[in-house]
Amino acid sequence: MSGSDGAVRWIRERAPAWARVVVSLWVVWMLSVPPQRLVVPGPLRQVETLNPKMGVHTRLTDEVEEWKIQQTLAMVRQMGAPWVVEYFPWAYYEPSPGRYQWGHADVVVDHAVAQGLTVLARIDYVPEWARPEETTTRYLDEAGYDDYAAFVGAFVEHFRGRVQYVIIWNEPNLSFEWGYRQPDPEGYTELLRRAYLSAKEANPDVIVLAAGLAPTLAPVGDPWGMDELIFMQRMYDAGAGQWFDGLAAHSYGLSFSADEPPAEDRLNWRRVELLRDMMVANGDGDKLVYITEAGWNDHPRWTKAVSSYDRIQNTVDAYEMALHDWEWCAALCVWAFRYPWPARSFQDGFTLVTPEFVPKPIYSELVRYAQGEPFEYLER
Amino acid sequence: MGNRRGWARWWPLGFALAIVAYALLQVVGGSLDLRLRLGRDEVWEGIHARGVLRVGMEASYPPFEFTDADGVVQGFDVDLARALAERWGVEVQFVDLHYDGLVEALLAEKFDLIISALPYEERLTRDLSYSRPYAYLGLQTISRSEGGSVSQLSELDGRVVAVELGSEAHQYLRLQMRDHGLQAEILAERTLEQAVEALRQGRADLVVCDRVEAASYIQADDLLGSEALLTAEPVVIAAPRTAPTLQSEVDAALRAMQEDGTLARLEQRWF
């Protein structure tokens, strides 16, 4: 008689009634749960591409189903993009002080690594326990800087050997990303310093990137943001240069073509060159820039969008520019590969693949670009 | 043995108690909402104390909201907000903010309502109260007048359907063909104008595009828009969840505007 037969017999003949009910309910519940796909990371793959600077910003933070995480990252590899930026919200992974729950982050990172991708990890989003009541998820006052730094250190330690790049915060020059306070370059520099020291203590080889700043023309004192060129110079003036190994940057083309020259009073794709000039002027010319958000939108009615055709053309031009003309640029990651669900607004015009994994023409053309194959739509 | 029989006697009672406890929890949870509904609405009171309704939007999405050459915000949503303010006897002030930041800004009390061609988003209903829809967006077909209008997806079977390359319509048709058995031929043109031209020339049987974009074409005598949308996305107003009075006032005003024709006039003006 097998062990399971014995268990069944014991339940049938000797178990108390309540136990039989519990077991019955458990069986009913198990039968009602649909079977889950078995998903395993699989063997280590390699990205084949003619442009090793190609990257995308994935949005897997809220993606629940593991097969979708895997499929997303497989499609990134198939596109020929070796770099991915992913967002790791602090609040998700440290729900109470010192208690870490890495489960979902492990899944994302393990699949990315299996696909041969290099992960740039953006870290922000403040847990409730680390901020005052009635504040937003981007609010962190100086009393909480060490908590954030400790989390960054724990993240670096946990993902040693799997994630080598961390991005400290996101767009701190917007009041929205700074807890609806006035942007504070000196305050951010202090946060960067503490996070840098904590990350390096956990792993001296980790590469710490200063936050990508939001491209904006907002003057000092504007309630919603601060011009990123002003913000970054003030960071340098506060000594930030010692506290990052590379710079994350955001660079959107909006309604301009990729070759539109940069200007201090204009937001366009090449505006990132002004940040680069500032790095050189401040003695940081040997550091690399990692463009962690970029691209064009092709929604038909958003005033800052272009046509789908122009979006494809501009994106290919931008990847070419990064590869051939910008030796200081290590990676160009387009926002955004795919959303877990449709935004049902102009934001859907940023993606390369729909939530249902239908590739958009821009995705197909980028695959051809990375493989050196003739374009289907683009006339070049 | 006797102990086991005791369990057997009592478990139904325990089970019933568990159900009662669960029901009580639901009632208590519900009563929190009830208390919220019965309590003061400081957002609504604030609007009247200030004499100003503050509306958040990203003014870059015509015809709903955009900034004209003089830097003045215009559009369907702008007129709608003005109409709401007028009904409530207050002024209106617009806060133009990046779309990504609208919800957090509302929750941080930077303004009172979001009126910004907002889709209904079930995932945000813990924080936001959505109004009844005041408009619908979605995909519409355009056909030649002599061919009659087409409102059903199944009517696209076997037809040549022109779309703008990479548009929402393009993706929608590809999805329908991949997952739902639609058998149409897609003609992807570089612009919507070229897609409509293909329709006029007879190279395509239909055009599928965004409803608002379709509006400018179906005014022509030779073209016909579908009566129903292939997809319909409700457009709503968002208020903070902590503002039940404001929420019900918005709904009441929208209902009245629908009945007295205000919403229809706004559509006619802006779409």
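Residues numbered from 1 in each chain as written. Chains lettered and ligands numbered in written order. Predicted model: local features only at pLDDT ≥ 70, side-chain atom pairs only at ≥ 80, totals over all residues. Heavy atoms only, no water.

A short note on the domain arrangement of chain A
Heads up, the condition is: Residue ranges labeled as domains rest on an automatic or database domain assignment.
According to the domain assignment, chain A consists of domain 1 (1–33) and domain 2 (44–379). Computed over C-alpha atoms, the centres of domain 1 of chain A and domain 2 of chain A are 51 Å apart.

With respect to the side chain of aspartate 106 of chain A
Residue and element names in this part refer to chain A. Our working rule: For helices the rule is a DSSP run of H or I covering at least 4 residues; for strands it is a run of E covering at least 2, with both sets numbered from the N terminus onward. Between buried and exposed lies partly exposed: a residue is buried under 20% and exposed over 50% of the maximum accessible area for its type, with that area taken using a 1.4 Å probe on protein chains only. Whenever two N or O atoms come within 3.5 Å, that pair is a polar contact, provided that in protein one can donate a hydrogen and the other can accept it, and provided that, for residues adjacent in sequence, both atoms are side-chain atoms.
Turning to its location among the elements, aspartate 106 is positioned in helix α5 (residues 103–114). The buried category is assigned to aspartate 106, whose relative accessible area is 18%. A polar side-chain atom of aspartate 106 sits 3.1 Å from a polar atom in the side chain of arginine 162.

A few points about the sheet that holds strand β2 (residues 83–89) of chain A
All names here are of chain A. As a reminder, the rule being used: Being paired, for any two strands, means DSSP has found at least two bridges between them. Axis angles are defined between N-to-C directions and span 0 to 180 degrees, where every axis is a line fitted to C-alpha atoms and, for a helix, only to the segment in contact.
Ordered in space as β1-β2-β3-β4-β5-β6-β7-β8, the 8 strands form a closed barrel in which the pairing is parallel. The sheet shows a mean angle of 30° between the axes of neighbouring strands, taken without regard to direction. Both strand β4 (residues 165–168) and strand β5 (residues 207–210) contribute to a ladder of 4 bridges, which runs parallel. Bridge pairing in β5 links tyrosine 165 to isoleucine 207.

Describing the interface of chain B and chain A
The test is simple: Here a residue-residue contact requires only that any non-hydrogen atoms of the pair lie within 4.5 Å. Buried area is a sum: the accessible area each of two parts loses on coming together, probed at 1.4 Å, counted once for each and added. Between Lys or Arg on one side and Asp or Glu on the other, a salt bridge is scored when a side-chain nitrogen of the former is within 4 Å of a carboxyl oxygen of the latter. Three classes are used, and their members are as follows: Ala, Val, Leu, Ile, Met, Phe, Trp, Tyr, Cys and Pro are nonpolar, Asp, Glu, Lys and Arg are charged, and the others, Gly among them, are polar.
Facing the 39 residues of chain B at the interface are 42 residues of chain A. Taken over both partners, the interface formed by chain B and chain A buries close to 3600 Å², and the fraction arising from carbon and sulfur atoms is 59%. On the surface where chain B and chain A come into contact, there are 6 salt bridges. Between glutamate 233 of chain B and arginine 344 of chain A there is a salt bridge, and its shortest N-O distance comes to 3.3 Å. The interface formed by chain B and chain A contains 17 residue pairs in polar contact (both at pLDDT 80 or more). Broken down by secondary-structure element, the contributors of at least two residues to the side of chain B that touches chain A are α1 (2–38), β2 (60–61), α4 (102–107), α5 (168–179) and α7 (211–217) of chain B. Across the side of chain B that touches chain A, the residue classes tally to 19 nonpolar, 6 polar and 14 charged.

Describing the pairing of strand β10 (residues 160–164) of chain B
All names here are of chain B. Going by this rule: By convention, orient the strands away from the viewer: a clockwise path from the first strand over the helix to the second makes the crossover right-handed.
Of all 5 residues that make up β10, 5 are buried, and the element is covered over most of its length. Neither face of β10 is open: one carries Val160, Ala162 and Glu164, the other Val161 and Val163, and all of them are buried. For the handedness criterion, the β-α-β arrangement of β10, α5 and strand β11 (residues 185–189) is classed as right-handed. When β10 meets strand β12 (residues 206–210), the two strands line up parallel, connected through 2 bridges. When the bridges of β12 are listed, alanine 162 appears paired with valine 207.

A closer look at the pattern of salt bridges
Residue and element names in this part refer to chain A. What the rule picks out here adds up to 39 salt bridges over all chains. Notably, a salt bridge pairs arginine 193 with glutamate 190, separated by 2.9 Å at the nearest N-O pair. Of the two residues, arginine 193 and glutamate 190 both sit in helix α7 (residues 185–202), 3 residues apart, roughly one turn of that helix. With a relative accessible area of 28%, arginine 193 lands in the partly exposed category. Here the salt bridges share partners, and the residues they tie into one network are Glu142, Asp146, Glu190, Arg193 and Arg194.

Regarding a nonpolar patch on the surface
Selection rule: Residues forming no salt bridge and having over 30% relative accessible area are the ones grouped into patches, like charges within 9 Å of each other and nonpolar side chains (Val, Leu, Ile, Met, Phe, Trp, Tyr) within 5 Å. Only the protein chains shown count as cover for residues, and the accessible areas themselves come from Shrake-Rupley with a 1.4 Å probe.
Side chains of Val23, Trp26, Val27, Trp29, Met30, Leu31 and Val33 of chain A sit close together on the surface and give an oily, nonpolar patch of about 710 Å² of accessible area. In this fold, methionine 30 of chain A is placed in helix α2 (residues 17–32).

Observations regarding the packing of helix α8 (residues 228–237) of chain A against helix α9 (residues 272–281) of chain A
Residues and elements named next belong to chain A. Operational definition: Each angle receives one of four descriptions, namely roughly parallel if under 35 degrees, roughly antiparallel if over 145, roughly perpendicular if within 65 to 115, and oblique otherwise. It is the rotation of the near helix from the far one that decides the hand of a crossing: anticlockwise by less than a right angle makes it left-handed, clockwise makes it right-handed.
Interhelical geometry of α8 versus α9 gives an angle of 20° and a closest axis separation of 10 Å. Of the possible angle classes, the one that applies to α8 and α9 is roughly parallel. Here the hand of the crossing between α8 and α9 comes out right-handed. Judged by residue contacts, Glu228, Leu229, Met232, Gln233 and Tyr236 of α8 engage Leu274, Leu275, Met278 and Met279 from α9.

Side note on a negative patch on the surface
Definition in use: Positive charges come from Lys and Arg alone, negative charges from Asp and Glu alone, with His and the N- and C-terminal ends not counted. To locate a charge, take atom NZ for lysine, CZ for arginine, CG for aspartate or CD for glutamate.
Together, Glu128, Glu133 and Glu134 of chain A together with Glu42 and Glu109 of chain B line one region of the surface with negative charge. Turning to its location among the elements, glutamate 128 of chain A is positioned in the loop between β3 (118–124) and α6 (145–158). On the basis of relative accessible area, glutamate 128 of chain A is assigned to the exposed category, the value being 64%.

A word on the packing of helix α3 (residues 76–88) of chain B against helix α8 (residues 244–259) of chain B
All names here are of chain B. Between α3 and α8, whose axes approach to 11 Å, the crossing angle comes to 110°. Relative to α8, the element α3 lies roughly perpendicular. Contacts between α3 and α8 involve Leu80, Ala83, Leu84, Arg87 and Trp88 from the former and Leu246, Glu249, Val250, Ala253, Leu254, Ala256 and Met257 from the latter.

Some thoughts on the layout of surface pockets
Quick note on the threshold: Using protein atoms alone on a 1 Å grid, points that fit a 1.4 Å probe yet trap it form a cavity, whereas open point sets bounded by protein on both sides within 12 Å along at least five of seven lines form a pocket; residues with an atom within 4 Å of a point count as lining. Grid points are joined across faces, edges and corners, and a volume is the space filled by probe spheres set on the points.
Quantified by volume, the second largest pocket comes out at close to 780 Å³. Around the second largest pocket, the lining is made up of 37 residues, and of these Pro342, Arg344 and Asp348 of chain A together with Glu168 and Gln171 of chain B lie nearest the centre. Mapped by element, the contributors of at least two residues to the lining of the second largest pocket are α5 and β12 of chain B. The greatest single-element share of the lining of the second largest pocket, amounting to 6 residues, is contributed by α5 of chain B. Taken together, the residues of the lining of the second largest pocket break down into 14 nonpolar, 12 polar and 11 charged.

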